[in-house]
Amino acid sequence: MALTTAPGATRRPGRPAPTPPRAAARRAGLGRRVRDNLTGHTFLIGAVACFAVFSWYPMVRGVVMSFQRTRRGETTWVGWDNYTRIMADPSFWTAWKNTFVFTGLALVLGYAVPFLVAILLNELRHAKGYLRVLVYLPVMLPPASALFLFKFYAYDPSEAGLFNAILTAVGLPTSEWMQSPTMTMPAMVLASTWMNMGGAVLIYLAALQNIPGELYEAAEIDGAGVWRRIRHVTIPQTRLILALLAMLQIVATMQLFIEPLILANGAGTQDSATSVAYLIYQHGFFQNDLNGAAALGVIMLVVLAGFSAVYVRLTARQD
């Protein structure tokens, strides 16, 4: 039986029609969601556009240029000629050797020292904030200023240099530092570690403070000393951060450029400081060989992508 609401009008029993206030509220909620989504997508489109213009397009353009040759305004496709020409240059292998040596030394010194400093700061009971600022202070300096400080003050080859004065005070022979082919790489690693370790120390400190204290208490009850607690508690609890920062360390040190440019005036004594990134700079800006520089950049991209793939594979197995 139908319910009569007005002469000539009937409606079936069921859910009542929404009242005007509810309909208005729904429309307002829908409009708010549309505005929120529109705002989010606007920011997303802006970020994607920035990446496309300043990151993805230069990468694609560099890959294309590595297979071309430009002479007197005319561009022709030459295939792998740029790669074979670059690899035939003796400086290519010297640069890769120096880059790998720097990366290896940086992993030994620049990767281990921040972790040990973070453990030390985490164990202190007083002046933690002051020491954190002191450790992070070099990061706030412009890299060029910090490197000039090392070049003209710490690495002065005379006895007036800071490090030579320390060596003389303890009765050790002095060094020529950046003028010595054997000391160039260790000196650059030392300066780079001092400049960049502040950020890694803070990241390690954040990871160490998230380790439950009960684990250390249980280790102490079992009679574990400091090194056993670090080995069996600290390192396993921070292994993901350690792996991530190791990967970032490799990627950053493989792009070695500003240290040889400032400390060793580019190539250094007997090409002891020539890196792959500096060789790209030489080809692009001194030899006007943009195609060769692009080929070198693509080779470095492939090498770093290989390291990244290994890292992803190893971390996936650990998970």
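Residues numbered from 1 in each chain as written. Predicted model: local features only at pLDDT ≥ 70, side-chain atom pairs only at ≥ 80, totals over all residues. Heavy atoms only, no water.

**Thoughts on the pattern of salt bridges**
Then comes step 1: Under the counting rule described, the total for this entry stands at 1 salt bridge.
Then comes step 2: A salt bridge links D289 to R85; the nearest nitrogen and oxygen atoms lie 2.8 Å apart. Here D289 is found in the loop between helix 13 (276-286) and helix 14 (290-318), whereas its partner R85 is found in helix 2 (residues 81-87), with 204 residues between them in sequence.
Then comes step 3: On the accessibility criterion, D289 (7% relative accessible area) is buried.
Then comes step 4: For R85, a relative accessible area of 32% translates into the label partly exposed. (Salt bridge = Lys/Arg side-chain N within 4 Å of Asp/Glu carboxyl O. Helix = DSSP H or I, 4+ residues; strand = E, 2+ residues; numbered from the N terminus. Buried < 20%, exposed > 50% of the residue type's maximum accessible area, 1.4 Å probe, protein only.)

**Notes on the packing of aromatic side chains**
Then comes step 1: All told, the structure shown has 20 aromatic pairs when counted by the stated rule.
Then comes step 2: Considering the side-chain rings of F115 and Y204, the 5.2 Å spacing of their centres and the 75° angle between planes classify their relative orientation as edge-to-face. Note that F115 is positioned in helix 4 (residues 112-123) and Y204 in helix 8 (residues 184-208), a separation of 89 residues in sequence. Each member of the pair F115 and Y204 is classed as buried.
Then comes step 3: Where Y278 meets Y281, the ring centres are 5.8 Å apart and the plane angle is 40°; that geometry is what we call tilted. Within this pair, Y278 and its partner Y281 are both found in helix 13, separated by 3 residues, close to a single helical turn.
Then comes step 4: A residue is classified by how much of its surface remains accessible, and Y278, at 7% relative accessible area, is buried.
Then comes step 5: Of the residues examined, Y281 reaches a relative accessible area of 25% and is grouped as partly exposed.
Then comes step 6: Grouping aromatic residues by their ring pairs yields a cluster made of F150, Y155, F163, W177 and W194. (Phe/Tyr/Trp six-rings, centres within 6.5 Å; stacked < 30°, edge-to-face > 60°.)

**Considerations on the nonpolar core**
Then comes step 1: Formed by 21 residues in total, the largest nonpolar core has its most connected members in F150, Y155, M178, M188 and L263.
Then comes step 2: Going through the elements one at a time, helix 6 (143-154), helix 7 (162-169), helix 8 and helix 12 (258-263) are the ones with two or more residues in this core.
Then comes step 3: At 6 residues, helix 8 tops the list of elements feeding residues into this core.
Then comes step 4: Here F150 is in contact with Y155, F163, A191, W194 and L263, once residues within four sequence places are set aside. (Core = buried A, V, L, I, M, F, W, Y, C linked by side-chain atoms within 4.5 Å. Contact = heavy atoms within 4.5 Å.)

**Examining the environment of G266**
Then comes step 1: When you line up the elements, G266 lands in the loop between helix 12 and helix 13.
Then comes step 2: Overall, G266 belongs to the buried group, its relative accessible area being 0%.
Then comes step 3: Along the backbone, G266 and Y278 are 12 residues apart, and their C-alpha atoms lie at a distance of 7.0 Å.
Then comes step 4: When residues no more than four places from it in sequence are discounted, the contact partners of G266 are P260, L261, A273, T274 and Y278.

**A few points about the confidence of the model for the chain**
Then comes step 1: Within the chain, residue pLDDT values average 84, and 89% of them lie at 70 or more.
Then comes step 2: Of all secondary-structure elements in the chain, the lowest mean pLDDT belongs to strand 1 (residues 3-6), at 48, while helix 2 reaches the highest, 92. (pLDDT = per-residue confidence, 0-100.)

**Describing helix 3 (residues 90-110)**
Each α-helix turn comprises 3.6 residues. Residues three or four places apart therefore point the same way.
Then comes step 1: The end-to-end C-alpha separation of helix 3 is 29 Å, in line with the 30 Å expected for 21 residues at 1.5 Å each.
Then comes step 2: Residues F92, A95, W96, N98, T99, F102, T103, A106 and G110 constitute the buried set of helix 3. Along helix 3, the residues classed as buried sweep out an arc of 165° about the axis, all on the same side. Turned more than 90 degrees from where helix 3 packs its buried face, P90, W93, K97 and V108 sit exposed. (Expected span 1.5 Å × (residues − 1). Arc of directions from axis to C-beta.)

**Remarks on the side chain of D289**
Then comes step 1: Within the structure, D289 has its side chain in polar contact with the backbone nitrogen of G292 (distance 3.0 Å).
Then comes step 2: Not counting residues within four places of it along the chain, the set of residues in contact with D289 comprises R85, I86, H283 and G284. (Polar contact = N/O pair within 3.5 Å; in protein donor to acceptor, adjacent residues only side chain to side chain.)

**Observations concerning the packing of helix 3 against helix 8**
Then comes step 1: Between helix 3 and helix 8, whose axes approach to 9 Å, the crossing angle comes to 50°. Classified by the angle their axes make, helix 3 and helix 8 are oblique. As for how helix 3 packs across helix 8, the hand of that crossing is right-handed. For the pair formed by helix 3 and helix 8, the contact residues are N98, V101, F102, L105, A106, L109 and G110 on the first element and M185, P186, M188, V189, L190, S192 and T193 on the second.
Then comes step 2: Its residues assigned to classes, the contact of helix 3 with helix 8 comprises 10 nonpolar, 4 polar and no charged. (Axes fitted to C-alpha atoms, helices over the stretch in contact; angles between N-to-C directions. Parallel < 35°, antiparallel > 145°, perpendicular 65-115°, else oblique. Left-handed = near helix turned anticlockwise from the far one by under 90°. Nonpolar A, V, L, I, M, F, W, Y, C, P; charged D, E, K, R; others polar.)

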